[in-house]
Amino acid sequence: MYPSATIRHYLKRGLRQLAEGLLELVWPTRCVGCEKHGTLLCGSCQEELSCIDQTLACPRCGAPLGRLVCTECTTVYEDQPKDLPFTQARCAWEFNRLSRRIITFYKDRGEQRLATLLAATLAGVIPLEWRLWADLVTWIPADAEAIKRRGFDHVAMIAVPFAQKCGLRINPLLMKRPHEDQRRLGREGRKRNMRAAFSLKEGVESRLPATMRNIILVDDVFTTGATLSAATEVLLAAGAKEVRVVTVCRVW
């Protein structure tokens, strides 16, 4: 006789496989880029993605080709420097037609299976030095209205497997208040919109312990840096020593 726990395990696995098979019949898997059957992202579309060469990217803000002189965060082309409270940034893809479509399908059309792919993509751009440096991973949370609308916290679902792949602890340190959709706003509007948008999550100590001082902050898209900056400032005010950010896409 098999133990009851073993029987339950195989029954659950069989039911899960049956459910997945039925879903595949009703909603067959298609490539989010070209709608080719059988895969979430086909090989041709993967080759079309504009992956950022980290040896050429700006280490400060993650912009492509900014290693020597970055047009995104330098003071050379502007009277006032851009205020970026985080110290380093790594971004995986340039934000173009295909990467926008991937993010849209994941975030707004509920293709949650992409979370694993996006997490692996982020883990691939994190150097060993970051993994040794970091105390933990946290993320830019969605507000309650967005979670209700989508049914899930889209960045959390990337951050958790990302942390696991990097061998790092993860802790939900932040909460977000309702605010206007950043995608509708320009640079200055984004900054105003993000002021006071974040706070420490309920239950998190107002002063972070010494074991939570070096933090990797995860988000899906880096546009102007307003969201990441606002969240970083909350973490620094709570006692974080340094915050570095990692995102799937970089707008520039």
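Heads up: the structure comes first, above all this text.
Along each chain, residue indices are assigned from 1 in the same order as the chain's sequence is written. For this predicted model, a pLDDT threshold of at least 70 governs which residues receive local features, and a threshold of 80 or more governs which side-chain atom pairs are given and counted, while totals over whole chains, interfaces and linings are taken from all residues. Side-chain measures were taken over the full set of non-hydrogen atoms in the model, leaving aside hydrogen atoms and water.

**Q** Can you walk me through the overall build of the protein chain in this structure?
**A** To qualify as a helix, a DSSP run of H or I must reach at least 4 residues; to qualify as a strand, a run of E must reach at least 2; elements of each kind are numbered from the N terminus. For the protein chain, the count of helices and strands is nine helices and six strands. Two residues qualify as a contact provided that any one of their heavy atoms is within 4.5 Å of a heavy atom in the partner residue. In the protein chain, the share of contacts with a sequence separation of at least 24, taken over all contacts with a separation of at least 6, comes to 74%. About 13700 Å² of surface is accessible on the protein chain, with carbon and sulfur atoms providing 54% of the total. Only the protein chains shown count as cover for residues, and the accessible areas themselves come from Shrake-Rupley with a 1.4 Å probe.

**Q** What's the story with the environment of Ala134 in this structure? I'm lost.
**A** The residue Ala134 is located in the loop between helix 5 (128-133) and strand 2 (136-139) in this model. For every residue, the accessible area obtained with a 1.4 Å probe (protein chains only) is divided by the maximum for its type, and the residue is called buried under 20%, exposed over 50%, and partly exposed between those limits. Overall, Ala134 belongs to the buried group, its relative accessible area being 9%. Expressed as a C-alpha distance, the spacing of Ala134 and Asn214, which sit 80 residues apart in the sequence, is 5.0 Å. In contact with Ala134, other than residues within four places in its own chain, are Leu168, Asn214 and Ile216.

**Q** For this particular structure, what's the right way to read the packing of helix 4 (residues 114-123) against helix 7 (residues 154-166)?
**A** Packed helix pairs are specified by the crossing angle of their axes together with the interaxial distance, meaning the distance between the axes. One way to put it is that helix 4 packs onto helix 7 with a least axis distance of 8 Å and a crossing angle of 45°. When the axis of helix 4 is compared with that of helix 7, the two are oblique. Every pair of crossing elements has a handedness; the one defined by helix 4 and helix 7 is right-handed. Facing Ala115, Thr116, Leu118, Ala119, Ala120, Leu122 and Ala123 of helix 4, the residues of helix 7 in contact are Met157, Ile158, Pro161, Phe162, Lys165 and Cys166. Comment: axis = line fitted to C-alpha atoms, over the contacting stretch for helices; angle = value between 0 and 180 degrees taken between N-to-C directions. Any angle that is under 35 degrees is reported as roughly parallel, and any over 145 degrees as roughly antiparallel; angles of 65 to 115 degrees are reported as roughly perpendicular and all others as oblique. Note on convention: the crossing is left-handed when the near helix lies turned anticlockwise from the far helix by less than a right angle, right-handed when the turn is clockwise.

**Q** Just checking my understanding: could you explain the nonpolar core for this structure?
**A** Grouped burial of nonpolar side chains is what soluble globular proteins tend to show. Within this scheme, the nonpolar core is defined by two criteria: the residues are buried Ala, Val, Leu, Ile, Met, Phe, Trp, Tyr or Cys, and they are joined through side-chain atoms within 4.5 Å. The biggest cluster of nonpolar side chains holds 42 residues, and the ones touching the most others in it are Trp93, Ile102, Phe162, Ile216, Val218, Val246 and Val248. Of all the secondary-structure elements, those providing two or more residues to this core are strand 1 (88-94), helix 3 (97-107), helix 4, helix 5, strand 2, helix 7, strand 5 (214-222) and strand 6 (242-250). For this core, the element with the highest residue contribution is helix 7, accounting for seven residues. In this structure, Ile216 is in contact with Trp130, Trp133, Ala134, Leu136, Val137, Thr138, Phe162, Leu168, Arg244 and Val246, ignoring residues within four places of it in sequence.

**Q** Could you clarify how one ought to interpret unusual backbone geometry in this entry?
**A** Residue Glu35 is not a glycine yet carries a positive backbone phi of 70°. Mapped onto the elements of the fold, Glu35 is located in the loop between helix 1 (4-26) and helix 2 (43-48).

**Q** Looking at this structure, how should I read the sheet that holds strand 2?
**A** Within a beta sheet, neighbouring strands are joined by backbone hydrogen bonds and run either parallel or antiparallel to one another. Two strands pair under a simple rule: DSSP has to find at least two bridges between them. Judged by pairing direction, the sheet is parallel, and its four strands sit side by side in the order 1-6-5-2 without closing on themselves. Each having just a single partner strand, strand 1 and strand 2 make up the two edges of the open sheet. Each strand of the sheet is rotated relative to its neighbour by a mean of 20°, with strand direction disregarded. As defined by bridge partners, strand 1 adjoins strand 6 across six bridges and the pair is classed as parallel. The partner of Trp93 across the bridge, within strand 6, is Cys249.

**Q** Even after reading the chapter, I still don't get the side chain of Ser229, so can you show me in this structure?
**A** Structurally, Ser229 can be placed in helix 9 (residues 226-237). Among the residues examined, Ser229 registers a relative accessible area of 8% and is labelled buried. Setting aside chain neighbours within four positions, we find Ser229 in contact with Asp83, Leu84, Pro85 and Phe86.

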